[in-house]
Amino acid sequence: MRWLSLTVFLALASCATSDLGAPCEMPPAVEAGDPAFDYLYLGASECDDQVCLRRSQSSESFCSRSCLDAADCGAGWACVQLVPASLDLEGVEGSRYCVAR
């Protein structure tokens, strides 16, 4: 019984919770920016992966994370290229990020 309890505890502990999609705050300069653009804020302390994203034509910002494909994001999310691959931006892990479908 003791091993079963330990196994269940370890299984539950390994299930990482994600803040993907949780609201986050953009810096004031972005809030005043052109709504026709996507905004990516790296360094958002309220997000697990430090990534806050606001899509064009939206006033809502949400926590996101870099991805290679949709499997990295989960159900209801897509992996979308937001930063052109030709840009070499220091601190940008990847050019693709999880966005709601």
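About the thresholds
Residues numbered from 1 in each chain as written. Predicted model: local features only at pLDDT ≥ 70, side-chain atom pairs only at ≥ 80, totals over all residues. Heavy atoms only, no water. Core = buried A, V, L, I, M, F, W, Y, C linked by side-chain atoms within 4.5 Å. Buried < 20%, exposed > 50% of the residue type's maximum accessible area, 1.4 Å probe, protein only. Helix = DSSP H or I, 4+ residues; strand = E, 2+ residues; numbered from the N terminus. Contact = heavy atoms within 4.5 Å. pLDDT = per-residue confidence, 0-100. Disulfide = S-S within 2.5 Å.

1. Concerning the nonpolar core
Here is step 1: Residues Leu 20, Leu 53, Phe 62, Cys 67, Cys 73, Trp 77, Cys 79, Cys 98 and Val 99 constitute the largest nonpolar core, which totals 9 residues.
Here is step 2: Listing elements by their share of this core, those giving two or more residues are β4 (77-81) and β5 (96-100).
Here is step 3: Beyond its immediate chain neighbours, meaning those up to four positions away, Cys 73 contacts Leu 20, Arg 65, Cys 67, Ala 78, Cys 79 and Cys 98.
Here is step 4: Among the nonpolar cores identified, the runner-up in size contains 8 residues, and Tyr 39, Ala 44, Cys 47 and Cys 63 belong to it.

2. Notes on the confidence of the model for the chain
Note that predicted coordinates carrying low pLDDT should not be read in detail.
Here is step 1: Of the residues in the chain, 74% have a pLDDT of 70 or more, and the chain-wide mean is 80.
Here is step 2: Ranking the elements of the chain by mean pLDDT puts helix α1 (residues 2-14) last, at 39, and strand β3 (residues 61-64) first, at 96.
Here is step 3: Here residues 3-15 scores under 50 on pLDDT; set against residues more than four positions off or in separate chains, the count is 0 contacts.

3. Details of the state of the cysteines
Here is step 1: Under the criterion given, the structure shown has 4 disulfides.
Here is step 2: Here Cys 47 engages in a disulfide with Cys 63; their sulfurs sit 2.1 Å apart. Disulfide Cys 47-Cys 63: torsion about the S-S bond near -75 degrees, hence left-handed. On the criterion of sequence distance, the pair formed by Cys 47 in the loop between β1 (39-42) and β2 (51-54) and Cys 63 in strand β3 is long-range, its members being 16 residues apart. Here Cys 47 matches Cys 63 in class, with each residue buried.

4. Here we look at unusual backbone geometry
Here is step 1: Not every positive phi belongs to a glycine, and Gln 50 is a case in point at roughly 65 degrees.
Here is step 2: When you line up the elements, Gln 50 lands in the loop between β1 and β2.
Here is step 3: You can call Gln 50 partly exposed: its relative accessible area is 35%.
Here is step 4: You will see that Gln 57, though not glycine, has its phi angle at about 65 degrees, which is positive.
Here is step 5: With respect to the element layout, Gln 57 can be found in the loop between β2 and β3.
Here is step 6: Exposure remark for Gln 57: the relative accessible area of 65% places this residue in the exposed category.

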